[in-house]
Amino acid sequence: MTDEDGIAKLIAEQGGEFDVFIHVAGGVLGQKRQPVETVPAADWDSIYDVNVRGAFLVARAVVPAMKARNAGKMVFISSGAGLGVSLTGIQAYASAKAALISLARQLAHELGPFGINVNAVAPGFLRTSPDYERQWASYGEEGQQAMLDQIPLRRIGQPDDISNAVLFLASPFASWITGQTLSVSGGPVSRALQIPSFRPGPGPKSACKA
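Residues numbered from 1 in each chain as written. Predicted model: local features only at pLDDT ≥ 70, side-chain atom pairs only at ≥ 80, totals over all residues. Heavy atoms only, no water.

Undergrad: Please explain the sheet that holds strand β1 (residues 20-23) as it appears in this structure.
TA: Sheet strands pair via backbone hydrogen bonds, and the direction of the pair is either parallel or antiparallel. Overall, parallel pairing links the four strands, which are arranged β1-β2-β3-β4 in an open sheet. What marks the edges here is a single partner per strand, and that holds for β1 and β4 (181-184). For this sheet, the mean inter-axis angle between neighbouring strands, taken without regard to orientation, is 20°. With four bridges connecting them, strand β3 (residues 116-123) and β4 associate as parallel partners. Residue pairing in the sheet places Val-121 in a bridge with Leu-182 of β4. On top of the sheet, helix α2 (residues 41-69) reaches β1, β2 (72-77) and β3; it is set at about 180° to β1, its chief contact. Sheet strands in contact with helix α5 (residues 159-169) are β1, β2, β3 and β4, and its direction is about 165° off that of β3. (Pairing = 2+ DSSP bridges. Helix = DSSP H or I, 4+ residues; strand = E, 2+ residues; numbered from the N terminus. Axes fitted to C-alpha atoms, helices over the stretch in contact; angles between N-to-C directions. Contact = heavy atoms within 4.5 Å.)

Structure (structure tokens):
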């Protein structure tokens, strides 16, 4: 979703009109935590491309038809990392997710007069990819329990938790909500999330969602 020509072709093939745009593409692209002074610029750019550039390009492509109808909904999938500090330790990931939140807020301000709602969802930790499963396993029983103990609802997220939030924001029930970020994370943690087997610092680690 980072190729302008490919996006234009896709939009045209689908008739050029969309009621709802949900940007889900993103992630850490298999990258691992490393000190900022050793991060290659290409690694930084690749995360921004899929997380932020893709959202911008598709939003830009669907806006004309939404403006013409004076209606539309956009929802960007950000992350809890965009609201605080990411357990991944991946600087580009954390800042890209924060950029998505800012993009949603700015587009909401710009597109509101055209009847277009733009919001973001910020998921907490979910075991939704091999990278995140490896991260969860790396915590061990002690670390897993420590994470659960710091989540008020005492469980990690499931895909349905996120999809239900997106459905709400894309529905008529959210017609007077725009420029907002909905945290779907089991509740605010009472302190900075700390996992005994995974603390910020040098050395490679697999990535987790939040």
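Undergrad: Looking at this model, I keep getting lost on the environment of Ala-120. Mind explaining?
TA: Assignment of secondary structure puts Ala-120 in strand β3. When residues no more than four places from it in sequence are discounted, the contact partners of Ala-120 are Phe-76, Ala-104, Leu-169, Gln-180, Thr-181 and Leu-182.

Undergrad: Could you clarify how one ought to interpret the packing of helix α1 (residues 4-13) against α2 in this entry?
TA: Relative placement of two packed helices is described by the angle separating their axes and the distance separating the axes. Following both chains from N to C, one finds α1 and α2 inclined at 40°, their axes separated by 10 Å at the closest point. In terms of orientation, α1 and α2 fall into the oblique class. Once α1 is placed against α2, the crossing between them reads as right-handed. Along its contact with α1, which presents Glu-4, Ile-7 and Ile-11, the element α2 presents Arg-53, Leu-57, Val-58, Arg-60, Ala-61 and Val-62. Grouping the constituent residues of the contact of α1 with α2 by class yields six nonpolar, no polar and three charged. (Parallel < 35°, antiparallel > 145°, perpendicular 65-115°, else oblique. Left-handed = near helix turned anticlockwise from the far one by under 90°. Nonpolar A, V, L, I, M, F, W, Y, C, P; charged D, E, K, R; others polar.)

Undergrad: What is the right way to read the packing of aromatic side chains from this model?
TA: Ring pairs (aromatic) are described by centroid distance and by the angle formed between their planes. Tallied over the entire structure, the rule returns four aromatic pairs. Their ring planes at 15° and their centres at 5.2 Å tell us that Trp-44 and Tyr-48 sit as a pair that is stacked. Of the two residues, Trp-44 and Tyr-48 are both situated in helix α2; the distance of four residues between them amounts to about one turn of the helix. Centroid distance Trp-136 to Tyr-139: 6.4 Å. Interplanar angle 75°. Geometry classified as edge-to-face. Residue Trp-136 and its partner Tyr-139 are both found in helix α4 (residues 130-149); the two are separated by three residues, about one turn of the helix. Joined through ring pairs, the aromatic side chains of Phe-125, Trp-136 and Tyr-139 make up one cluster. For Lys-67, the ring lying beneath its charged end belongs to Phe-114, and the centroid distance is 4.5 Å. (Phe/Tyr/Trp six-rings, centres within 6.5 Å; stacked < 30°, edge-to-face > 60°. Lys NZ or Arg CZ within 6 Å of the ring centre and 35° of its normal.)

Undergrad: What should I look at first to understand a nonpolar patch on the surface in this one?
TA: Together, Val-20, Ile-22 and Val-24 make up a nonpolar patch on the protein surface, roughly 220 Å² of accessible area in all. Within the secondary structure, Val-20 is located in strand β1. (Patch = residues over 30% accessible without salt bridge, like charges linked within 9 Å, V, L, I, M, F, W, Y side chains within 5 Å. Areas by Shrake-Rupley, 256 points an atom, 1.4 Å probe, with all protein chains shown as cover. Salt bridge = Lys/Arg side-chain N within 4 Å of Asp/Glu carboxyl O.)

Undergrad: Help me understand the side chain of Lys-97 in this model?
TA: On the secondary structure map, Lys-97 appears in helix α3 (residues 91-111). The class for Lys-97 is buried, based on a relative accessible area of 1%. At a separation of 3.0 Å, a polar atom in the side chain of Lys-97 contacts the side chain of Asn-51. Not counting the four nearest positions on each side in its chain, Lys-97 is found in contact with Gly-26, Gly-27, Asn-51, Ile-77, Ser-78, Ser-79 and Gly-82. (Buried < 20%, exposed > 50% of the residue type's maximum accessible area, 1.4 Å probe, protein only. Polar contact = N/O pair within 3.5 Å; in protein donor to acceptor, adjacent residues only side chain to side chain.)

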